[in-house]
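Descriptive structure summary
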Amino acid sequence: MSERPRLTVLSGPSGVGKSTVVAHMRQQHPEVWLSVSATTRRPRPGEQDGVHYHFVDHDEFDKLVANGELLESAVFAGNRYGTPRAAVEQRLERGEPVLLEIDLQGARQVRQSMPEAQLVFLAPPSWEELVRRLTGRGTEPQEVIDERLAAARVELAAEPEFDTTLVNTSVEQVAAELLTLLGVV
Ligand code: ADP
Ligand code: 5GP
């Protein structure tokens with residue numbers, strides 16, 4: 001545990017390996033708490049409601065926004081995503097570290113509302129490798145891949161806004177670096 005647990009944001013282009021790195025890290029350290037976002041995106045095969053996301057429709061998402069229940073929210077590649085506020089605040093009040101895996105727009109909102117947050121950018125070893133990973137995942141049709149790659153160009157250009165950059169060459173190594181940044185090891 002670090003002396004001052006705080007909120008850590010992990011961002012990076014779609015397909016860079018954020019979920020893979022976080023899953024690897026939590027396999028070894030299940031105590032690392034990751035916020036479960038709300039989204040209007042449809043579940044991918046294997047994704048469970050309440051575990052990977054809270055899958056909601058547009059009306060439910062509107063209500064979360066209207067009631068001030070989201071810490072931040074964004075539209076990404078045609079779907080809406082947001083971080084439920086209450087669970088994050090409870091953990092920070094208890095002095096426990098919090099990890100958010102969110103996009104660039106969300107990271108910027110967190111920087112505004114919580115300047116003490118640490119912002120970590122996960123970068124691909126190369127553009128070609130990012131394309132390979134996003135395509136190889138096989139979870140999206142080509143037009144969605146193209147939309148996500150267009151967003152990736154914007155996200156990669158924003159890397160200097162982050163406090164730390166980790167290059168995802170080795171999942172094991174990045175997971176270890178992230179654990180250190182979180183103050184868990
Ligand atoms: P994100 O959560 O950032 O959208 P994923 O975790 O879904 O990305 O990873 C996208 C694809 O890249 C997956 O097929 C995953 O297995 C693969 N991947 C992740 N990290 C690496 C890595 N270091 N080397 C090779 N492939 C990787
Ligand atoms: P995916 O659809 O691949 O799960 O996620 C698409 C993008 O949305 C990724 O960059 C992911 O980090 C981001 N994302 C997931 N949850 C949230 C959230 O609660 N807020 C924001 N702003 N982005 C999110």
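Residues numbered from 1 in each chain as written. Chains lettered and ligands numbered in written order. Predicted model: local features only at pLDDT ≥ 70, side-chain atom pairs only at ≥ 80, totals over all residues. Heavy atoms only, no water.

Spatially, the four strands line up as an open sheet ordered β3-β2-β5-β4, and their pairing is mixed. Strands with a single pairing partner mark the edges of an open sheet, and in this sheet they are β3 (54-55) and β4 (70-76). Across the sheet, helix α2 (residues 58-66) touches β2 (38-39), β4 and β5 (79-84), and the angle it forms with β5 is around 40°. (Pairing = 2+ DSSP bridges. Helix = DSSP H or I, 4+ residues; strand = E, 2+ residues; numbered from the N terminus. Contact = heavy atoms within 4.5 Å. Axes fitted to C-alpha atoms, helices over the stretch in contact; angles between N-to-C directions.)

Let us now look at the UniProt feature "binding site: ATP" (unreviewed entry) in the protein chain. Mapped onto this structure's residue numbering, the UniProt feature "binding site: ATP" (unreviewed entry) falls at G12, P13, S14, G15, V16, G17, K18 and S19. Checked against the element boundaries, V16 lands in the loop between β1 (7-11) and α1 (18-28). A relative accessible area of 0% means that V16 is categorised as buried. If near-sequence neighbours (up to four positions away) are discounted, V16 is found in contact with L122, A123, P124, L130, R133 and N168. Relative to the helices and strands, S19 is located in helix α1. According to the relative accessible area criterion, S19 is partly exposed, its value standing at 47%. (UniProt positions renumbered as here; feature names shortened; annotations may be inferred. Buried < 20%, exposed > 50% of the residue type's maximum accessible area, 1.4 Å probe, protein only.)

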